[in-house]
Every structure is written in C-alpha cells, then in structure tokens.
Amino acid sequence: MKLSKYYLPTLKETPTDAELESHKLMLKAGMIRKVTAGVYSYLPLGFKVLKKVEEIVREEMNRAGAQEIKLPIIQPAKLWQESGRWGDFGPEMFKLSDRKENLFALGPTHEEIITDLVRNELNSYKDLPLTLYQINDKFRDEIRPRHGVMRSREFLMKDAYSFHTSQESLDETYQDMYDAYGRVFDRLGLDWVAVEAPSGLMGGGYSQEFMALADEGAEEIVVCSKCDYASNVEIAKYQTSSNEEKTDLKKTKEVATPGKETIDAVSNYLDIPSWKIVKTFIYRTDEGLVAALVGGDDDLEEMKLINHLGTPKVEMVSTESEIKEITGADFGSIGPVGLDIPIYADLDIKSLTNFTVGANKTGYHLKNVNWEKDIPNAKFINLRKVKRGDRCHNCGTKLDFHRSIEVGQLFQLGKKYSDSLEGKYQDQQGELNSYIMGCYGIGISRLVPAIIQQNYDNQGIKWTNSVTPFSMALIVLDADVSKTRKLGNKLYKGLNKRGYDVLLDDRSSSPGVKFNDADLIGIPVKIIIGPRGLDEGIIEVETRTGEKSEIGIDSGKTETILDELEQAISKPEAGTNTPV
Ligand SMILES: [Zn+2]
C-alpha cells in the first residue's frame, strides 16, 4: 500500500475525550472514528487489524471442529418471549417494530435464534454433538458506553453454540473450546488468564471468562499464585475466617442509638468493634423479599446472592418508605430479628456471638444477638465481597488482585434454552430429551483495544506480528528526489512479490512526520531509504523496539538487497509473538 493514497488520517494531538490509552491511540492512529456514543466506524487501518483478529479466531474455531454459519441480526420478539428473556435484558436490548407493528430486537446474543434453527431438524442422537459458530455484529444499549470500541453499543463477536446428549459430551466440547481460546489469545500475543465467572443473563451453570491483564482494565480478578485457582471477584471464593472467641451467650438487649445510622457511628456510640455489628440489606427477588447479612467491615456481593438464588437479577430495596413498610424502621436501624422473610447470612459471620444488629425500630439497635436464639432461620452462604488479605480456598495462599479486560467467555448452559424452546432429540431408546447446550463467546472488536493496552509506548502502538496491519514500513526520505524514489519503488515491488505486506511511505512529508506515523500506527519494522544513506551506500533497518541495523546496497542488485533485507527482518525479536 502506498501511503500517499492510503486513507490514514492520523492525529497530531491526543484526543481529549478519551481516557483509556487504547482508545486514544485508536483515534490518533486513524483506526476508528466515533459516529455517536458507543457507535464507531472503522477506517482502513482499524478494519485491517480487526479482520486479522477475526481470521485467527475463525481458524481456531474451524480447527476445533466448529462449523461457521451466519444468523440474522433482526430477531423476532416471540422467540425471546418463548425463552422468557424478553424482559430480562431490559433497556439493554435495542427493540424495533416493522410496518405491521410486529416487535423485533437487534440481537444482543443468539441463543434463541440458534435453538430455533436446530430444533426442527437436529432430532436424533446420531446428529449430536454439534458445534456451530458465527462472527457477527451484536447490539447492546450500554447505559454508559465508553473507552471507544472497548465498551460500545454495536460490536463484533464470535459466538459458538454446542448441542449434546450428555454432560460428558458437553464437558469434552467445553474443553476443546477452552483449548481453542488459549490458542487464539496466545497467537494474539496476549497475557491472559481464565477465571471462574458468574453466568449472568445467559443463565445455566459453570462459566469461565478469559481476561487480558491490563492495569486500566474494567474487571477485577483474583488469582492464586500457588494453585490454579482464579476467579472474577464477583464470585470469588476464599477461606472463611472467624473473628470470634468462644464466649457465653448473653441476654439480648435493646439499646437506644439516636441518629446513629452508620456502622462507624453505632460502633463509636456503643463502644463495640465494627466487625461485631451485622449489616442488613433487603432485596426484592423472583421469590419475593429476602434479607442479606454481612459483617460490619464487609461489603455485600450481589452476584453471590443472585447465583445462590439462581435468578437473573435481584433489586435492593432502596427507598425510605418501602424499607419502613417492610421492617418498621428507617435504614439506619433495620435488622434481621423477627423478619418473616428468608434470611441469608455470610459464612464469615456464622461464628459471631453476642453481636449487634438494627432493632427494626428507628433509633434503636439490639445488642447480644445470637443466631440460634434470635435468628434461627438464617441460612449461611458466601455473600461478602472478596478483599485484600483473603486467602485461596484451595491452598490457603494469599490471593493476588489484578485488573483485566474480559475478552471471552465459556458457558455451560445445560437445558435452559432447549427446555424453554423445546429443542429436543430422540435418544437410543426412542425417548425425547432436551439438548444439553454450551455457548462460547469472544469479543473480537474488544480484542483490538485489549491488544493495544498490553502493547504501547510513548510513541504509539506496538503491534504483535500476528495482527500488525503491515509487516513493514518502507520509508522513503526526500521522496521527490528521483534516486531515493526509484530504489523505494523497486524494493516495494520486490518485497510485495516476496509476500510481504508493505506500507510504502512515499509522501513528501518531513522525515520526522514519517517516523512518527510509522511508530504511532505500530509497524514492527521501518526500512529507511534516505539520500545521505544512499551516498554512503546503505539503507537503514529499525525495529519498533529500537534495534537498528544497516544493509549495504553497493552491489546495486535489487535481489541481493532484498535477500539481505529479509535476513535482517527475520531475526527473532524479544517480546514479539510469531504465529503458531
Ligand atoms: Zn490456591
């Protein structure tokens, strides 16, 4: 590609409306442009990288035995009503209607469509297992789209779906997908980790997320440095601790705590440690109201409650009037004693004795509360957020916390969709059974900024060899001088012929502009043809990591120069990943 003809509007200034480095660099390098909040156009350079990532994903899916299809973006509401998810997605789903006022959604995901596709024809155990995938645009009306294409409302995803007659068969395909994902992220040169994850709106059972490690990533994960345990913080397990020493159970006492509405205020006023005060939250769930209790120094993790209840979402009761109606007290004084609703308490507070809770009477607390005597119906589950200092539940090692970007997820869906959408096959005995399903996503458009987040410096992007938009930049200085231009064109043709994807900078710009642009857009190698070098009989080769070498051109033979160039650029560099 000749840069003089290439649509590459790089920016001199760093865009001020971008926070994340990958977002700034994608704008600055002329890869993307914003259309409206969370909606972007890809320019030639950005689209080229996106396509390269897509192709690596496609190759590994095919290698894992999945078959590519293409499903529609426009999805009829009736399928979503059939699965019971039309309401679950809420305002995140883009909805539209046709001229006859039939309702549709712009696909945020495709479980309904794929189950509908196969349910009429995939009817015998002989046809299973089967894995289908597509690479297609998805639409989600993010409440806060941000960081460019990292969290956008229209994005490119690879989604695969598998159908099975048994859990063992699902486990096998799940492992194949896990391995394929590992190969994809390795080939992209990512520093990644797979973590246990909540299944969220997809429902079903076991799920893992693939996270690209990045200091500015939106997701926090915990990793054990000793065993292989790693988890999304939302469902992280840890060794439960016990603060309490064995003491005699005292008599429960109501005490006035006028105007003391926070744990700290009550702790100071009653002169008791904050960990001996239990916090109460009331949630509205599919099964009605429930109370959730955690220790005074801990935070509640809603996802753990959601997972335990097996419901897609829960909603905390958060208005004064509602809380008063339910408990009889204002927020600062609510507690579990006497509440006639299911009570879930965090495992860490199970060993507490003589603790303090709100009295369900505004301005009062109860001291010396004990589980069996006062809250006999409490059920203990892991409910609090994981925190610094927590230890691995497997091996007791202190857990490490990392920031990361979610780039893929695997789900064991079980029969959630095949049951609700009646996707059934006939087994060997002639009985009808629902398929056991899995689904597997990779955020292709998110992978591009994720790769950048792990590979940039002050000058710009540093592409890994597997996704770089061009293998080298051939920079011709003083391109108007016929000597340099001639050699530039010769080498350009020769390198193209030898299979290299070369960006020829034949613009009449200054050397500084040319070097800056090549570094900004992240090309791994610069070949520099300048008049001074030609006088000395050399051309220069410089890698994006700063290693320089020279090639003699005195032979005057293009093929000899090309041979030497090939040799110079094929030297393996530290830190770059060659495709498998
Ligand atoms: Zn461990």
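The structure displayed is predicted, hence computed values, not measured ones. (Residues numbered from 1 in each chain as written. Predicted model: local features only at pLDDT ≥ 70, side-chain atom pairs only at ≥ 80, totals over all residues. Heavy atoms only, no water.)

### Focus on the overall build of the protein chain
Next up, step 1: Along the backbone of the protein chain there are 15 helices and 31 strands.
Next up, step 2: For the protein chain, the spread of C-alpha atoms along the principal axes amounts to about 100 × 65 × 50 Å.
Next up, step 3: Residues counted as buried form 53% of the 580 residues belonging to the protein chain.
Next up, step 4: The contacts of the protein chain with a sequence gap of at least 6 include a subset with a gap of at least 24, amounting to 69%.
Next up, step 5: If you sum the accessible surface of the protein chain, you get close to 26800 Å²; carbon and sulfur atoms cover 46% of it.
Next up, step 6: Taken together, the 74 basic and 90 acidic charged side chains of the protein chain have centroids lying 3 Å from each other. (Helix = DSSP H or I, 4+ residues; strand = E, 2+ residues; numbered from the N terminus. Buried < 20%, exposed > 50% of the residue type's maximum accessible area, 1.4 Å probe, protein only. Contact = heavy atoms within 4.5 Å. Areas by Shrake-Rupley, 256 points an atom, 1.4 Å probe, with all protein chains shown as cover. Lys, Arg positive; Asp, Glu negative; His and termini not counted. Charge placed at Lys NZ, Arg CZ, Asp CG, Glu CD.)

### Considerations on the coordination of the zinc ion
Next up, step 1: Around the zinc ion, the donor atoms from the protein are C224 (SG), C227 (SG), C392 (SG) and C395 (SG), and they sit 2.3 Å away.
Next up, step 2: Around the zinc ion sit four donor atoms, and with donor-metal-donor angles ranging over 99 to 121 degrees the site reads as tetrahedral.
Next up, step 3: On the accessibility criterion, C227 (24% relative accessible area) is partly exposed. (Donors = N, O, S within 2.8 Å, 3.2 Å for Na, K, Ca; no water. Tetrahedral: all angles 85-135°; square planar, octahedral: opposite > 155°, others 65-115°.)

### Some thoughts on the nonpolar core
Next up, step 1: In terms of nonpolar packing, the biggest core is built from 64 residues, with M31, V53, Y181, F185, L188, V448 and W463 touching the most fellow members.
Next up, step 2: Inspection of this core shows a minimum of three residues originating in each of domain 1 (3–237 + 400–453) and domain 3 (470–570).
Next up, step 3: Setting aside residues no more than four positions away along its own chain, Y181 makes contact with M61, K158, F210, G408, Q409, L410, Y440, G441 and I442.
Next up, step 4: With 23 residues, the next largest nonpolar core counts L491, I527, L534 and A568 among its residues. (Core = buried A, V, L, I, M, F, W, Y, C linked by side-chain atoms within 4.5 Å. Domains from an automatic or database assignment.)

### Regarding the pattern of salt bridges
Next up, step 1: In this structure the tally under the stated criterion is 38 salt bridges.
Next up, step 2: Among the salt bridges present, the one from E60 reaches R187, with a minimum N-O distance of 2.9 Å. Of this pair, E60 sits in helix α2 (residues 44–63) while R187 is found in helix α5 (residues 167–187), placing the two residues 127 residues apart along the sequence. Pair check on accessibility: E60 and R187 agree, each one buried.
Next up, step 3: E196 is the partner of K237 in a salt bridge, and the nearest nitrogen-oxygen pair spans 3.4 Å. Of the two residues, K237 sits in the loop between β12 (230–232) and β13 (253–256) while E196 sits in strand β9 (residues 192–196), which places them 41 residues apart along the sequence.
Next up, step 4: Residue K237 is classed as partly exposed on the basis of its relative accessible area, which comes to 35%. (Salt bridge = Lys/Arg side-chain N within 4 Å of Asp/Glu carboxyl O.)

### Here's the deal with the sheet that holds strand β5 (residues 95–97)
Next up, step 1: With respect to topology, three strands assemble into an open sheet ordered β4-β6-β5, the strand pairing being antiparallel. Strand pairing shows two members of the sheet lacking a second neighbour, β4 (74–76) and β5, which therefore form its edges. Averaged over all neighbouring strand pairs, the angle between strand axes comes to 40 degrees, with direction disregarded.
Next up, step 2: Pairing analysis gives three bridges linking β5 to strand β6 (residues 103–106), with the strands arranged antiparallel. Within β6, the position partnered with K95 by the bridge is A105. (Pairing = 2+ DSSP bridges. Axes fitted to C-alpha atoms, helices over the stretch in contact; angles between N-to-C directions.)

### Quick look at the domain arrangement of the protein chain
Next up, step 1: Domain annotation for the protein chain reports domain 1 (3–237 + 400–453), domain 2 (253–381) and domain 3 (470–570).
Next up, step 2: Averaged C-alpha coordinates put domain 2 and domain 3 at centres separated by 70 Å.

### Considerations on the pairing of strand β18 (residues 355–358)
Next up, step 1: With three bridges joining them, β18 and strand β19 (residues 364–369) adopt antiparallel strand pairing. Looking across to β19, one finds that V357 is bridged to L366.
Next up, step 2: What sits between the antiparallel neighbours β18 and β19 is a turn of five residues, in which N360 has the positive phi angle 60 degrees.

### Things to note about a negative patch on the surface
Next up, step 1: Together, E168, D171, E172, D176 and D179 line one region of the surface with negative charge.
Next up, step 2: Mapped onto the fold, D171 is located in helix α5.
Next up, step 3: Accessibility expressed as a relative area gives 36% for D171, which makes it partly exposed. (Patch = residues over 30% accessible without salt bridge, like charges linked within 9 Å, V, L, I, M, F, W, Y side chains within 5 Å.)

### Focus on the environment of L339
Next up, step 1: Within the element layout of this structure, L339 appears in the loop between α8 (320–327) and β17 (343–346).
Next up, step 2: Residue classification places L339 among the buried residues on the basis of a relative accessible area of 9%.
Next up, step 3: Sequence spacing of L339 and N377 is 38 residues, and the spatial spacing of their C-alpha atoms is 9.7 Å.

### Points about the side chain of R544
Next up, step 1: Here R544 shows up in the loop between β30 (538–543) and β31 (548–552).
Next up, step 2: Residue classification places R544 among the buried residues on the basis of a relative accessible area of 10%.
Next up, step 3: Of note is the side chain of R544, whose polar atom sits 3.3 Å from the backbone oxygen of G460.
Next up, step 4: Leave out the neighbours within four places in its chain, and R544 touches D457, Q459, G460, I461, K462, D519, G522, I523 and P524. (Polar contact = N/O pair within 3.5 Å; in protein donor to acceptor, adjacent residues only side chain to side chain.)

### Here's the deal with the sheet that holds strand β28 (residues 502–505)
Next up, step 1: Reading across the sheet, the five strands line up as β28-β27-β29-β30-β31 and stay open at both edges, with mixed pairing between neighbours. Of all the strands in the sheet, just β28 and β31 have a single pairing partner and so form its edges. Going across the sheet, the axis of each strand differs from the next one's by a mean of 20 degrees, ignoring polarity.
Next up, step 2: Relative to the sheet, helix α12 (residues 482–497) contacts β27 (472–476), β28, β29 (525–529) and β30, its axis offset from that of β27 by approximately 160 degrees.

### A closer look at unusual backbone geometry
Next up, step 1: Look at the link from L128 to P129: it is a cis peptide, with omega at 0 degrees.
Next up, step 2: By the secondary structure assignment, P129 is in the loop between α4 (111–119) and β7 (130–139).
Next up, step 3: Positive phi is not limited to glycine here, since N360 has a value of about 60 degrees.
Next up, step 4: On the secondary structure map, N360 appears in the loop between β18 and β19.
Next up, step 5: One non-glycine residue, N368, lies in the positive phi region at around 55 degrees.
Next up, step 6: Here N368 is to be found in strand β19.
Next up, step 7: Of the residues examined, N368 reaches a relative accessible area of 14% and is grouped as buried.

### Description of the pairing of β27
The side chains of a regular strand alternate, residue by residue, between the two faces of the sheet.
Next up, step 1: Within β27, five of the five residues are buried, which leaves it mostly tucked inside the rest of the structure.
Next up, step 2: Burial along β27 is two-sided: the residues M472, L474 and V476 and A473 and I475 are all buried.
Next up, step 3: The pairing of β27 with β28 spans four bridges and is classified as parallel. Residue I475 lies in a different strand from β28, and its bridge partner there is D505.
Next up, step 4: Alignment of β27 against β29, held across four bridges, turns out to be parallel.

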